[in-house]
Amino acid sequence: MASCGNWVGVAYTRHICCYSLEESMGWQRSFCSPVLSKTPEKICLNTKGHLMLAASFGNEIKLWNCKPQAQQVEIGTFDLKSPVNALFFIGPQLVAISSAGKVGVWHYSNQNWTAQGVYEITSYTSVGSLLVWGSSNGIINSIDV
């Protein structure tokens, strides 16, 4: 499960649904993914602007722009080339981290996915628009996403 604002995303074995809390009606299903060929391992939501949903399946990440009345637009499928250990948004940017030493960012403004190899990641956090991580070589790294 993942939540953001008055939204909750729930990953089932072969699909993901998003529910919104409507004051007068309670929880309402607003989005349901197509049938998935793999079981989602991690999901995250972003409600800044449009509702966006991301899910990881091993090395693979799928990203949707969820529209009202269960319509969705699949933005893309991305490969981190290493198992995803963390998946989250920093503002409208999607970030995927593999502790094996990969950082991937999907940039909202140019709709572009970039992934880079780094030293093994031992810890990470975000500060504003910065992604900060510690590496196994003792160095603290940061990128402004």
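Here goes a summary of the coordinates provided. For clarity, every value in this text was computed on a predicted model and none was experimentally measured.

Ranked by internal contacts, the top residues of the largest apolar core, which has 15 residues, are Ile16, Cys18, Leu45, Leu53 and Trp64. Of all the secondary structure elements, the ones that give two or more residues to this core are strand S1 (2–4), strand S3 (16–22), strand S5 (42–46), strand S6 (51–57) and strand S7 (60–67). Ranked by residues supplied to this core, first place goes to S6 with four residues. By size, the runner-up hydrophobic cluster in this structure holds 14 residues, among which are Cys44, Ile61, Phe78 and Trp106.

Before going further, it helps to spend a moment on the side chain of asparagine 46. Among the secondary structure elements, asparagine 46 is positioned in strand S5. The buried category is assigned to asparagine 46, whose relative accessible area is 2%. Here the side chain of asparagine 46 touches glycine 91 through a polar contact of 2.8 Å, landing on its backbone oxygen. Those residues in contact with asparagine 46 that lie beyond four places of it in its chain are Cys4, Leu51, Met52, Phe89, Gly91 and Pro92.

What follows covers the pairing of S6. Counted residue by residue, S6 has seven buried out of seven residues, so it is predominantly covered. What you see with S6 is no split at all: Leu51, Leu53, Ala55 and Phe57 on one side and Met52, Ala54 and Ser56 on the other are buried throughout. Where S5 folds back onto S6 in an antiparallel hairpin, the turn is made up of four residues, including glycine 49, whose phi is positive at roughly 85°. When S6 meets S7, the two strands line up antiparallel, connected through seven bridges. Residue pairing across strands places alanine 55 opposite lysine 62, the latter belonging to S7.

On to the packing of aromatic side chains. Under the counting rule described, the total for this entry stands at four aromatic pairs. Ring geometry for phenylalanine 78 versus tryptophan 113: centroids 5.0 Å apart, planes at 15°, classification stacked. Here phenylalanine 78 is found in strand S8 (residues 71–79), whereas its partner tryptophan 113 is found in strand S12 (residues 112–117), with 35 residues between them in sequence.

Thresholds, definitions, all that
- Residues numbered from 1 in each chain as written.
- Predicted model: local features only at pLDDT ≥ 70, side-chain atom pairs only at ≥ 80, totals over all residues.
- Heavy atoms only, no water.
- Core = buried A, V, L, I, M, F, W, Y, C linked by side-chain atoms within 4.5 Å.
- Buried < 20%, exposed > 50% of the residue type's maximum accessible area, 1.4 Å probe, protein only.
- Helix = DSSP H or I, 4+ residues; strand = E, 2+ residues; numbered from the N terminus.
- Polar contact = N/O pair within 3.5 Å; in protein donor to acceptor, adjacent residues only side chain to side chain.
- Contact = heavy atoms within 4.5 Å.
- Pairing = 2+ DSSP bridges.
- Phe/Tyr/Trp six-rings, centres within 6.5 Å; stacked < 30°, edge-to-face > 60°.

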